Amino acid sequence: YSKERLKDFEIIEIPCDSVDNILKNLGIETLDLISMTTNGAEMEIIEGMNKTLKKGVKYICIARHLHIGDYQGKLKSLGYELLAYDDRGYTFKKQSN
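So, here's what we can say about the structure. (Residues numbered from 1 in each chain as written. Predicted model: local features only at pLDDT ≥ 70, side-chain atom pairs only at ≥ 80, totals over all residues. Heavy atoms only, no water.)

**Here's the deal with the layout of surface pockets**
Threshold: Only protein atoms enter the 1 Å grid, on which a cavity is a set of points fitting a 1.4 Å probe that cannot get out and a pocket is an open set with protein on both sides within 12 Å along at least 5 of 7 lines, lining residues being those with an atom within 4 Å of a point. Grid points are joined across faces, edges and corners, and a volume is the space filled by probe spheres set on the points. The helix and strand labels rest on DSSP assignments: H or I over at least four residues marks a helix, E over at least two residues marks a strand, and numbering proceeds from the N terminus.
Taken as a whole, the largest pocket spans an internal volume of roughly 200 Å³. Lining the largest pocket are D20, N21, L23, K24, G27, I28, E29, T30, L31, K51, T52 and K55. Those elements that place two or more of their residues in the lining of the largest pocket are α2 (19-26) and α4 (50-54). The element that contributes the greatest number of residues to the lining of the largest pocket is α2, accounting for 4 residues.

**Side note on the pattern of salt bridges**
How we decide: Salt bridge, as used here: a side-chain nitrogen of Lys or Arg that lies within 4 Å of a carboxyl oxygen of Asp or Glu. Each residue is assigned to one of three classes by its accessible area relative to the maximum for its type, calculated with a 1.4 Å probe on protein chains only: buried under 20%, partly exposed between the two thresholds, exposed over 50%.
Evaluated as defined, the whole model comprises 5 salt bridges. Residue R5 is joined to D8 by a salt bridge in which the shortest nitrogen-to-oxygen separation is 3.0 Å. Taking relative accessible area as the criterion, D8 reaches 58% and is therefore assigned exposed. Taking the shortest distance from any N to any O, the salt bridge between E29 and K55 comes out at 3.5 Å. You can see E29 sitting in the loop between α2 and β1 (33-36) and its partner K55 sitting in the loop between α4 and β2 (59-63), a full 26 residues away along the chain.

**Describing the sheet that holds strand β4 (residues 89-94)**
Worth spelling out the cut-off: In this description, strands pair whenever DSSP reports at least two bridges between them. The axes are straight lines fitted to the C-alpha atoms, using for helices just the contacting stretch, and the angles between their N-to-C directions are given from 0 to 180°.
Strand order across the open sheet formed by 4 strands is β1-β2-β4-β3, with mixed pairing between neighbours. A single partner strand is all that each edge strand has here, and the edge strands are β1 and β3 (80-86). Neighbour-to-neighbour, the strand axes of the sheet open up by a mean angle of 15°, direction not taken into account. As paired strands, β3 and β4 are joined by 6 bridges and run antiparallel to one another. In the sheet register, D86 faces β4, and the bridge partner there is G89.

**Notes on a nonpolar patch on the surface**
In plain terms, the rule: Patch building starts from residues that exceed 30% relative accessible area and form no salt bridge, then joins like charges within 9 Å and nonpolar side chains (Val, Leu, Ile, Met, Phe, Trp, Tyr) within 5 Å. Surface accessibility follows the Shrake-Rupley procedure with a 1.4 Å probe radius. Residue values consider only the protein chains on display as shielding.
Together, Y1, L6 and F9 make up a nonpolar patch on the protein surface, roughly 390 Å² of accessible area in all. Along the polypeptide, F9 turns up in the loop between α1 (3-6) and α2. Overall, F9 belongs to the partly exposed group, its relative accessible area being 42%.

**A look at the nonpolar core**
Rules: For the purposes of this section, nonpolar cores are sets of buried Ala, Val, Leu, Ile, Met, Phe, Trp, Tyr and Cys residues that join through side-chain atoms within 4.5 Å. We call two residues contacting when some pair of their heavy atoms lies within 4.5 Å.
With 17 residues, the main nonpolar core has I34, I46, I60, I62 and L75 as its most contacted residues. Counting only elements with at least two residues in this core, the list comes to α2, β1, α3 (42-47), β2, α5 (71-77) and β4. If sequence neighbours within four positions are ignored, I62 has contacts with M36, E42, M43, I46, Y71, L75, R88, G89, Y90 and F92.

**Remarks on the side chain of D20**
The criterion, for reference: Residues counted as positive are Lys and Arg, residues counted as negative are Asp and Glu, and His and the chain ends are not counted. Two N or O atoms form a polar contact when they lie within 3.5 Å of each other; inside protein one atom must be a possible hydrogen donor and the other a possible acceptor, and for residues adjacent in sequence the pair counts only when both atoms belong to side chains.
Position of D20 relative to the elements: it lies in helix α2. Notably, D20 is buried but unbridged: the nearest opposite-charge side chain belongs to K51, and the N-O separation is 5.7 Å. There is a polar contact of 3.2 Å between the side chain of D20 and the backbone nitrogen of N50. Among the polar contacts listed, one links the side chain of D20 to the backbone nitrogen of K51, at a separation of 3.0 Å. Other than its neighbours up to four places away in sequence, D20 contacts G48, M49, N50, K51 and T52.

Structure (C-alpha coordinates):
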(Lines give C-alpha, C1' and ligand atoms only; values in the text may rest on other atoms or scores of the structure.)
Protein backbone atom coordinates (compact mmCIF):
# COMPACT_ATOMS: atom_id res chain seq x y z
CA TYR A 1 0.00 0.00 0.00
CA SER A 2 1.02 3.60 -0.47
CA LYS A 3 1.94 5.71 2.57
CA GLU A 4 -1.31 7.60 2.10
CA ARG A 5 -3.37 4.39 2.12
CA LEU A 6 -1.52 3.04 5.18
CA LYS A 7 -2.87 5.99 7.19
CA ASP A 8 -6.29 4.30 6.99
CA PHE A 9 -5.04 1.34 9.02
CA GLU A 10 -4.40 0.93 12.72
CA ILE A 11 -1.49 -1.11 14.04
CA ILE A 12 -2.47 -3.53 16.77
CA GLU A 13 0.08 -5.71 18.52
CA ILE A 14 -1.09 -9.20 19.33
CA PRO A 15 0.87 -11.48 21.65
CA CYS A 16 2.00 -14.73 20.09
CA ASP A 17 4.15 -17.73 20.88
CA SER A 18 6.08 -20.34 18.90
CA VAL A 19 4.58 -23.67 17.89
CA ASP A 20 7.30 -25.37 19.95
CA ASN A 21 6.23 -23.52 23.11
CA ILE A 22 2.50 -23.96 22.51
CA LEU A 23 2.83 -27.72 22.01
CA LYS A 24 5.09 -28.02 25.06
CA ASN A 25 2.57 -26.13 27.20
CA LEU A 26 -0.23 -28.41 25.95
CA GLY A 27 1.82 -31.56 26.60
CA ILE A 28 1.78 -32.59 22.94
CA GLU A 29 4.96 -34.46 22.02
CA THR A 30 4.58 -35.10 18.28
CA LEU A 31 2.47 -34.16 15.28
CA ASP A 32 1.81 -36.09 12.09
CA LEU A 33 0.48 -33.06 10.21
CA ILE A 34 0.60 -29.32 10.52
CA SER A 35 -1.55 -27.20 8.21
CA MET A 36 -1.39 -23.43 8.27
CA THR A 37 -2.90 -20.45 6.55
CA THR A 38 -1.51 -17.31 8.11
CA ASN A 39 -1.52 -14.73 5.32
CA GLY A 40 2.19 -14.84 4.66
CA ALA A 41 3.67 -15.64 8.08
CA GLU A 42 4.09 -19.37 7.39
CA MET A 43 7.88 -19.30 7.14
CA GLU A 44 8.18 -17.34 10.39
CA ILE A 45 6.00 -19.93 12.09
CA ILE A 46 8.06 -22.80 10.69
CA GLU A 47 11.20 -21.11 12.03
CA GLY A 48 9.59 -21.25 15.50
CA MET A 49 9.00 -24.99 15.38
CA ASN A 50 12.51 -26.44 15.08
CA LYS A 51 12.04 -28.81 18.03
CA THR A 52 8.68 -29.97 16.69
CA LEU A 53 10.13 -30.66 13.23
CA LYS A 54 13.05 -32.60 14.72
CA LYS A 55 10.56 -34.91 16.44
CA GLY A 56 9.23 -35.92 13.02
CA VAL A 57 6.24 -34.04 11.61
CA LYS A 58 5.29 -36.19 8.59
CA TYR A 59 3.38 -33.58 6.56
CA ILE A 60 3.33 -29.80 6.34
CA CYS A 61 0.59 -28.02 4.42
CA ILE A 62 1.07 -24.34 3.67
CA ALA A 63 -1.30 -21.88 2.03
CA ARG A 64 -0.16 -20.39 -1.25
CA HIS A 65 0.88 -16.73 -1.39
CA LEU A 66 2.22 -15.20 -4.56
CA HIS A 67 4.39 -12.64 -2.78
CA ILE A 68 6.16 -15.12 -0.52
CA GLY A 69 9.61 -16.50 -1.27
CA ASP A 70 10.87 -19.99 -1.90
CA TYR A 71 8.73 -22.39 0.15
CA GLN A 72 10.11 -25.42 -1.65
CA GLY A 73 13.77 -24.48 -1.05
CA LYS A 74 13.19 -23.69 2.62
CA LEU A 75 11.28 -26.89 3.32
CA LYS A 76 13.83 -28.94 1.37
CA SER A 77 16.56 -27.54 3.62
CA LEU A 78 14.50 -28.82 6.57
CA GLY A 79 14.20 -32.31 5.09
CA TYR A 80 10.83 -32.08 3.31
CA GLU A 81 9.93 -32.74 -0.31
CA LEU A 82 7.02 -31.33 -2.28
CA LEU A 83 4.22 -33.88 -2.40
CA ALA A 84 1.39 -31.83 -3.94
CA TYR A 85 0.58 -28.34 -5.12
CA ASP A 86 -2.61 -26.66 -6.26
CA ASP A 87 -4.16 -23.20 -6.28
CA ARG A 88 -4.69 -23.35 -2.50
CA GLY A 89 -1.21 -24.30 -1.44
CA TYR A 90 1.56 -26.82 -0.97
CA THR A 91 1.82 -30.14 0.82
CA PHE A 92 5.27 -31.32 1.84
CA LYS A 93 6.26 -34.77 3.09
CA LYS A 94 9.19 -35.61 5.36
CA GLN A 95 11.91 -37.17 3.23
CA SER A 96 12.78 -40.78 4.01
CA ASN A 97 16.16 -41.26 5.64
